[in-house]
Amino acid sequence: KNEVEQSPQNLTAQEGEFITINCSYSVGISALHWLQQHPGGGIVSLFMLSSGKKKHGRLIATINIQEKHSSLHITASHPRDSAVYICAVIPNNDMRFGAGTRLTVKP
Amino acid sequence: NAGVTQTPKFQVLKTGQSMTLQCAQDMNHEYMSWYRQDPGMGLRLIHYSVGAGITDQGEVPNGYNVSRSTTEDFPLRLLSAAPSQTSVYFCATRRTSGSEQFFGPGTRLTVL
């Protein structure tokens, strides 16, 4: 079983919808990251969390350390949000990744 | 600042050939890592380094070598390429163990 599980694997939404992507992990961590990979292939860091909640624009990330669960929310989704969203955790010095959630937002 | 750079962007090799994927950073980050990304499997750690002169194996190190003689550079060597090494390779850096990670643009490698 993968140490980092994401759901759903694929998600299609209409523009304006509220999006939630979930991440569960099975190892002790020092931090959890949410990453975005656009169709061109580049990967950028959206959030790094060790507790609570963070907000950046229309994106909100939450983490529950006791339940080993994190969520990424996108409010008022837009076609430019279409990308693969990846959850990653840092147990020690390395980083372990979920398989990603492919989000498609239709106009 | 260039951030994290990788060369080449694309490479085609024949089975048995050797090559080096280059990764350089100008952010003075201690941590550098190499990952491979395969369809449906997510990113997997190949090797990482927590500072110059220090390297360690990740999840899938077989067939790859690394060295870290300077803070800036972290090359990944394929000694004898195999078709199973066809993948997209990403280099990444971060300042400390728990800080934000910065990714290079990736190298798409095909081994025939």
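None of the values given here were measured: they were computed from a predicted structure. (Residues numbered from 1 in each chain as written. Chains lettered and ligands numbered in written order. Predicted model: local features only at pLDDT ≥ 70, side-chain atom pairs only at ≥ 80, totals over all residues. Heavy atoms only, no water.)

**Considerations on the sheet that holds strand β6 (residues 52-56) of chain A**
Residue and element names in this part refer to chain A. The antiparallel open sheet is built from five strands, whose spatial order is β1-β3-β8-β7-β6. Looking at which strands have only one partner, the edges of the open sheet turn out to be β1 (4-7) and β6. Averaged over all neighbouring strand pairs, the angle between strand axes comes to 15°, with direction disregarded. Here β6 pairs with strand β7 (residues 59-64) via five bridges, running antiparallel. Considered in β7, the bridge of Lys55 is made with Ile60. (Pairing = 2+ DSSP bridges. Helix = DSSP H or I, 4+ residues; strand = E, 2+ residues; numbered from the N terminus. Axes fitted to C-alpha atoms, helices over the stretch in contact; angles between N-to-C directions.)

**What to know about the interface of chain B and chain A**
Contact residues are listed per partner, giving 17 residues for chain B and 17 residues for chain A. Summed over both sides, the interface between chain B and chain A buries roughly 1500 Å², with carbon and sulfur atoms accounting for 59% of that surface. One can count zero salt bridges joining chain B with chain A. The interface formed by chain B and chain A includes one residue pair in polar contact (both at pLDDT 80 or more). Those elements that place two or more of their residues in the side of chain B that touches chain A are β4 (31-38), β5 (42-51), β9 (87-94) and β10 (101-103) of chain B. Per element, the largest residue contribution to the side of chain B that touches chain A is five residues, and it comes from β5 of chain B. Residue composition of the side of chain B that touches chain A, by class: eight nonpolar, seven polar and two charged. (Contact = heavy atoms within 4.5 Å. Buried area = accessible area lost by both parts, 1.4 Å probe. Salt bridge = Lys/Arg side-chain N within 4 Å of Asp/Glu carboxyl O. Polar contact = N/O pair within 3.5 Å; in protein donor to acceptor, adjacent residues only side chain to side chain. Nonpolar A, V, L, I, M, F, W, Y, C, P; charged D, E, K, R; others polar.)

**Considering the nonpolar core**
Core analysis: the largest hydrophobic core is formed by 22 residues, its most contacted members being Leu32, Trp34, Leu72 and Tyr85 of chain A. Setting aside residues up to four positions removed in sequence, Leu32 of chain A forms contacts with Cys23, Tyr25, Phe47, Met48, Leu49, Ile63, Ser70, Cys87, Ala88 and Val89 of chain A. With 18 residues, the next largest nonpolar core counts Ile46, Tyr64, Leu76 and Cys91 of chain B among its residues. (Core = buried A, V, L, I, M, F, W, Y, C linked by side-chain atoms within 4.5 Å. Buried < 20%, exposed > 50% of the residue type's maximum accessible area, 1.4 Å probe, protein only.)

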